[in-house]
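# Breakdown of the fold
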Amino acid sequence: MDRLRITGGTPLHGEVTISGAKNAALPILCACLLTEEPVRLNNVPDLKDIRTMLRLLEQLGVKVQWHDSESLTLQASDITSYEAAYDLVKTMRASILVLGPLVARFGQARVSLPGGCAIGQRPVDQHIRGLAALGAQIQMTQGYVVAQSDRLQGNTVRTDMVTVTGTENLMMAAVLAQGTTVLENAAREPEIVDLANLLIKMGARIKGHGTDRIVIEGVDRLHGAEHNIISDRIEAGSFLCAVAATGGQIRLNAVEPDIMGATLDKLREAGLSLTLGEDWIEATMNGRPNSVDIRTHEYPGFATDMQAQFMALNTVATGVALIVETIFENRFMHVQELIRLGANIEVDGSTAVVRGVDTLCGATVMATDLRASASLVIAGLAAQGQTIVERIYHLDRGYAQMEHKLQSLGAQIERI
Ligand code: EPZ
């Protein structure tokens, strides 16, 4: 298993280009199932989860043609299977995103229930309830969701909680339904807006995307389109947390500052000075960061996917920070590992109290989930001495060439 060896204490200097957003690309890849025509996607990030999703789509019969390392064309003209098998779904929960498109276009789907995962139970009951509200007959057999429908019927669906992939699944189901669908309590993440923008280019009729009420007029068919995937706001935020923790000055290219508001507010509070361009951010950090309280919240609040990275920053800050995780029930797996590096953190339920220490000391630590691994890399970059981060296959799921990008910023980091 790959590991990362980091020698910390070096301020970061230089510039990196941020990749396309994983959490926009994953639903967008599934949207190609909604038409028999080719869909061309650009700015696709080179990630393990993307390759996993493409393998799943190819198993269904989708033709995949790469044009270069970030552009590909998908065509779902010869779908031969409607099944997403457990052995693939268990490695990536986002596989559930084929459910809505398969039922919408082919009237059937057999998708394994994703297991839980490190950060929480993460059920998909809202996806299933919503599909049933659109008229699908749903059965749960042997750990699979089996859905049937001659043609989905538009309806009003109010999810019990805000769910990102739930909103995406139901939006993709509704675009080919008969009549109008209203998604109430919809998620407002930029990745949902990006998916909606592609669907509209394909001929869908969607309004309200980006708000908590999305209205979809069903159409009979969709056509092909070309789309550039938005920048990854979480990757960008992770690099900004890194420079805030190590000091130095970096420039991020190919970013969208206006979808990073909550993160940028908190980074400024931590003492990072930021200059924002149209598609770039310059960040300078002198001295130690200030402790910053965090309470995660659905977009446009502070992203849960930035919580672990900010906790790493708070471990070396001057003061005490309160971090409250409101979205997932078990997203503090990185705490024990940060403590091994000398951090002072106490957890009580969904709240962590982080008392900043003068320095962290390098050690061997283990990644437990995607954002926890980014948190450990950030802490290793700030720590004195050498840190080994094990099980970095978690990191590779969501960060393209993380160590190479950090090396270009002067970090002493290598994959072993
Ligand atoms: C998406 O996961 C993201 N993944 C996650 O990013 C992100 O952390 C999460 O949204 C929250 O922003 C992708 O977009 C591929 P939810 P998702 O449905 O859609 C509960 C990363 O690091 N819930 O918004 O699975 C659920 O348990 C990943 O890139 C139900 O109870 O999250 C959670 O507590 C990690 N029933 C809350 O809602 C349901 O049917 C929010 O989950 C659906 C969700």
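Residues numbered from 1 in each chain as written. Predicted model: local features only at pLDDT ≥ 70, side-chain atom pairs only at ≥ 80, totals over all residues. Heavy atoms only, no water.

Turning to the site of the ligand, a few remarks are in order. Taken together, 20 residues form the shell around the ligand, and within it Gln 126, Thr 163, Thr 165, Asp 305 and Ile 327 come nearest. Here Ile 327 contributes a backbone N or O atom positioned 2.7 Å from an oxygen atom of the ligand. Between an oxygen atom of the ligand and a side-chain N or O atom of Arg 331, the distance comes to 3.3 Å. In isolation the ligand exposes 830 Å². Once the protein is present, 88% of that is buried. The set of elements that each furnish at least two residues to the shell around the ligand consists of α1 (22-31), α5 (125-133), α6 (164-174) and α12 (370-382). The leading source of residues in the shell around the ligand is α5, at three residues. (Near = heavy atom within 4 Å. Polar contact = N/O pair within 3.5 Å; in protein donor to acceptor, adjacent residues only side chain to side chain. Areas by Shrake-Rupley, 256 points an atom, 1.4 Å probe, with all protein chains shown as cover. Helix = DSSP H or I, 4+ residues; strand = E, 2+ residues; numbered from the N terminus.)

Quick look at empty space enclosed by the protein now. All told, the structure shown has three cavities of 30 Å³ or more when counted by the stated rule. Of the volumes computed, that of the largest cavity is approximately 70 Å³. What lines the largest cavity is Arg 233, Ile 234, Ile 259, Met 260, Gly 261, Ala 262, Thr 263, Tyr 299, Pro 300, Gly 301 and Ala 303. Only α8 (233-246) and α9 (261-269) provide two or more residues apiece to the lining of the largest cavity. (1 Å grid on protein atoms, 1.4 Å probe; cavity = no way out; pocket = protein on both sides within 12 Å on 5 of 7 lines; lining within 4 Å. Points joined across faces, edges and corners; volume = space filled by probe spheres on them.)

Another aspect to go through is the environment of Glu 226. Relative to the assigned elements, Glu 226 resides in strand β14 (residues 225-228). The spacing of Glu 226 and Thr 73 is 153 residues in sequence and 8.7 Å in space, taken between C-alpha atoms. Ignoring any residue separated from it by four or fewer positions in sequence, one finds Glu 226 in contact with Arg 40, Asn 42 and Lys 201. Within polar-contact distance, the side chain of Glu 226 engages the side chain of Asn 42 at 2.7 Å. (Contact = heavy atoms within 4.5 Å.)

Before going further, it helps to examine the pattern of salt bridges. Applying the stated criterion across every chain yields a total of 23 salt bridges. Among the salt bridges present, the one from Asp 2 reaches Arg 415, with a minimum N-O distance of 2.9 Å. Here Asp 2 is found in the segment before β1 (4-7), whereas its partner Arg 415 is found in strand β24 (residues 412-415), with 413 residues between them in sequence. The class for Asp 2 is partly exposed, based on a relative accessible area of 38%. Through salt bridges with shared partners, a single network forms among Asp 2, Asp 396, Glu 403 and Arg 415. (Salt bridge = Lys/Arg side-chain N within 4 Å of Asp/Glu carboxyl O. Buried < 20%, exposed > 50% of the residue type's maximum accessible area, 1.4 Å probe, protein only.)

Taken in spatial order, the four strands make up an open sheet running β22-β23-β1-β24, and their pairing is mixed. Lying at the two open borders of the sheet, with one neighbouring strand each, are β22 (364-366) and β24. Going across the sheet, the axis of each strand differs from the next one's by a mean of 20°, ignoring polarity. Sheet topology note: the β1/β24 ladder contains four bridges and is antiparallel. Paired with Ile 6 across the two strands is Ile 413, which belongs to β24. Taken strand by strand, α12 contacts β1, β22, β23 (386-390) and β24, and its axis lies near 30° from that of β1. (Pairing = 2+ DSSP bridges. Axes fitted to C-alpha atoms, helices over the stretch in contact; angles between N-to-C directions.)

The next thing to look at is the layout of surface pockets. Of the volumes computed, that of the second largest pocket is approximately 190 Å³. For the second largest pocket, the lining is made up of 15 residues, of which Ala 245, Thr 246, Asp 358, Ala 382 and Gln 384 are closest to its centre. Counting residues per element, the lining of the second largest pocket draws most heavily on α8, at three residues.

Moving on, we get to the packing of aromatic side chains. For the coordinates displayed, the defined rule picks out two aromatic pairs. Taken together, a centroid distance of 5.2 Å and an interplanar angle of 45° make the contact between Tyr 82 and Phe 106 tilted. Of this pair, Tyr 82 sits in the loop between β5 (71-75) and β6 (83-84) while Phe 106 is found in helix α4 (residues 99-106), placing the two residues 24 residues apart along the sequence. By relative accessible area, Tyr 82 is classed as partly exposed at 24%. Assessed through its relative accessible area of 23%, Phe 106 is described here as partly exposed. Relative to Phe 310, the ring of Phe 302 has its centre 5.4 Å away and its plane inclined at 80°; by these criteria the two rings are edge-to-face. In this structure Phe 302 comes out as buried when scored by relative accessible area, which is 5%. Judged by relative accessible area, which is 0%, Phe 310 ranks as buried. Of note, Arg 110 hangs over the ring of Tyr 144, and the distance from its end group to the ring centre comes to 4.0 Å. (Phe/Tyr/Trp six-rings, centres within 6.5 Å; stacked < 30°, edge-to-face > 60°. Lys NZ or Arg CZ within 6 Å of the ring centre and 35° of its normal.)

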